[in-house]
Amino acid sequence: MNKFLRGLSATTMLLVAASVSAATLQVRHAWIRVLPEGLPAAGYARLENQGDKPIALVGALSAAYRAVMLHRSVTTGGMSRMTMVRRLTVPAHGTASLSPGGYHMMLMHPLRPIKPGDHVKLTLLFADGSRETVEFLARPANASGDR
Ligand SMILES: [Cu+2]
């Protein structure tokens, strides 16, 4: 194989890999709990993997927030705290939830005011390099976990 073809097939493989996770993942009930001024918001969603391989969510990006982190709330001995999460695996033909009291996207330092009713785009990043941009609905602080 000559140099050009080798380069081309490497590029093709990269493009194919980049579409793998996002193509088999459905993101449902994507919403953000907006808290009063100064407090970080949290993003929640239900991830449904329709593929034959596990998919690992490793983070997210947004043009609306300066920092987005994958967190998990854990309660030990009556004390609630948050830990950083490196990856959230969605099993093959299974689901994983980001929901109040559990996994969430911590959304810090909004770059514009975000109020209930707004639609905010978050780009989910997966371990295989693929990404998927999802519209999250901003909801008030007192919104319940299930809508
Ligand atoms: Cu958090």
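Treat the numbers as computed from the prediction; the structure is a model and nothing was measured. (Residues numbered from 1 in each chain as written. Predicted model: local features only at pLDDT ≥ 70, side-chain atom pairs only at ≥ 80, totals over all residues. Heavy atoms only, no water.)

### Overview of the pairing of strand β2 (residues 41–49)
Within β2, 8 of the 9 residues are buried, which leaves it mostly tucked inside the rest of the structure. The pairing of β2 with strand β8 (residues 103–110) spans 3 bridges and is antiparallel. Its bridge partner being in β8, Ala 42 is matched across the sheet by Met 106. Strand direction decides the pairing type here: β2 and strand β7 (residues 95–98), joined by 4 bridges, are antiparallel. Of the residues in β7, the one forming a bridge with Leu 47 is Ala 96. (Buried < 20%, exposed > 50% of the residue type's maximum accessible area, 1.4 Å probe, protein only. Helix = DSSP H or I, 4+ residues; strand = E, 2+ residues; numbered from the N terminus. Pairing = 2+ DSSP bridges.)

### Re the nonpolar core
Counting residues in hydrophobic clusters, the biggest one holds 30 residues, and the most contacted among them are Leu 57, Tyr 65, Met 105 and Leu 124. The residues contacting Tyr 65, other than those within four sequence positions of it, are Ile 32, Ala 41, Leu 107, Met 108, His 109, Pro 110, Leu 111, Ile 114 and Val 120. (Core = buried A, V, L, I, M, F, W, Y, C linked by side-chain atoms within 4.5 Å. Contact = heavy atoms within 4.5 Å.)

### Looking at the coordination of the copper ion
Protein-derived coordination of the copper ion comes from His 71 (ND1), Met 82 (SD), His 104 (NE2) and Met 106 (SD), at a distance range of 2.1 to 2.2 Å. Coordination at the copper ion comes from 4 donor atoms whose angles at the metal span 92 to 119 degrees, giving a geometry best classed as tetrahedral. Each donor residue of the copper ion belongs to the same chain, with the gaps between them written as H-x10-M-x21-H-x1-M. Owing to a relative accessible area of 3%, His 104 belongs among the buried residues under this scheme. (Donors = N, O, S within 2.8 Å, 3.2 Å for Na, K, Ca; no water. Tetrahedral: all angles 85-135°; square planar, octahedral: opposite > 155°, others 65-115°.)

### Notes on the packing of aromatic side chains
Under the criterion given, the structure shown has 1 aromatic pair. Ring geometry for Trp 31 versus Tyr 44: centroids 4.9 Å apart, planes at 45 degrees, classification tilted. Of this pair, Trp 31 sits in strand β1 (residues 25–33) while Tyr 44 sits in strand β2; the two residues are 13 residues apart in sequence, bridging distant segments of the chain. Trp 31 sits in the buried class, given a relative accessible area of 2%. Above the plane of the ring of Trp 31 lies Arg 139, whose end atom (NZ or CZ) is 4.6 Å from the centre. (Phe/Tyr/Trp six-rings, centres within 6.5 Å; stacked < 30°, edge-to-face > 60°. Lys NZ or Arg CZ within 6 Å of the ring centre and 35° of its normal.)

### Describing the layout of surface pockets
The rolling of a water-molecule-sized probe over the atoms marks out the regions of remaining empty space. Its boundaries defined by the atoms lining it, the largest pocket holds a volume of some 290 Å³. The wall of the largest pocket is formed by 16 residues, among which Leu 35, Glu 37, Gly 38, Leu 39 and Pro 110 lie closest to the centre. Among the elements that line the lining of the largest pocket, the one with the most residues is β8, at 3 residues. The residue inventory of the lining of the largest pocket, partitioned by class, reads 11 nonpolar, 2 polar and 3 charged. (1 Å grid on protein atoms, 1.4 Å probe; cavity = no way out; pocket = protein on both sides within 12 Å on 5 of 7 lines; lining within 4 Å. Points joined across faces, edges and corners; volume = space filled by probe spheres on them. Nonpolar A, V, L, I, M, F, W, Y, C, P; charged D, E, K, R; others polar.)

### Let's talk about the side chain of Ser 130
Positionally, Ser 130 belongs in the loop between β9 (119–126) and β10 (131–139). Within the local environment of Ser 130, its side chain forms a polar contact with the side chain of Asp 128, the two groups lying 2.7 Å apart. (Polar contact = N/O pair within 3.5 Å; in protein donor to acceptor, adjacent residues only side chain to side chain.)

### With respect to the environment of His 104
Its location among the elements puts His 104 in strand β8. The spatial distance from the C-alpha of His 104 to the C-alpha of Arg 72 is 6.1 Å, given a sequence separation of 32 residues. In this structure His 104 touches Ala 42, Gly 43, Tyr 44, Met 69, Leu 70, His 71, Arg 72, Ser 73, Met 82 and Leu 98, once residues within four positions along its chain are discounted. A distance of 3.0 Å separates a polar side-chain atom of His 104 from the backbone oxygen of Gly 102.

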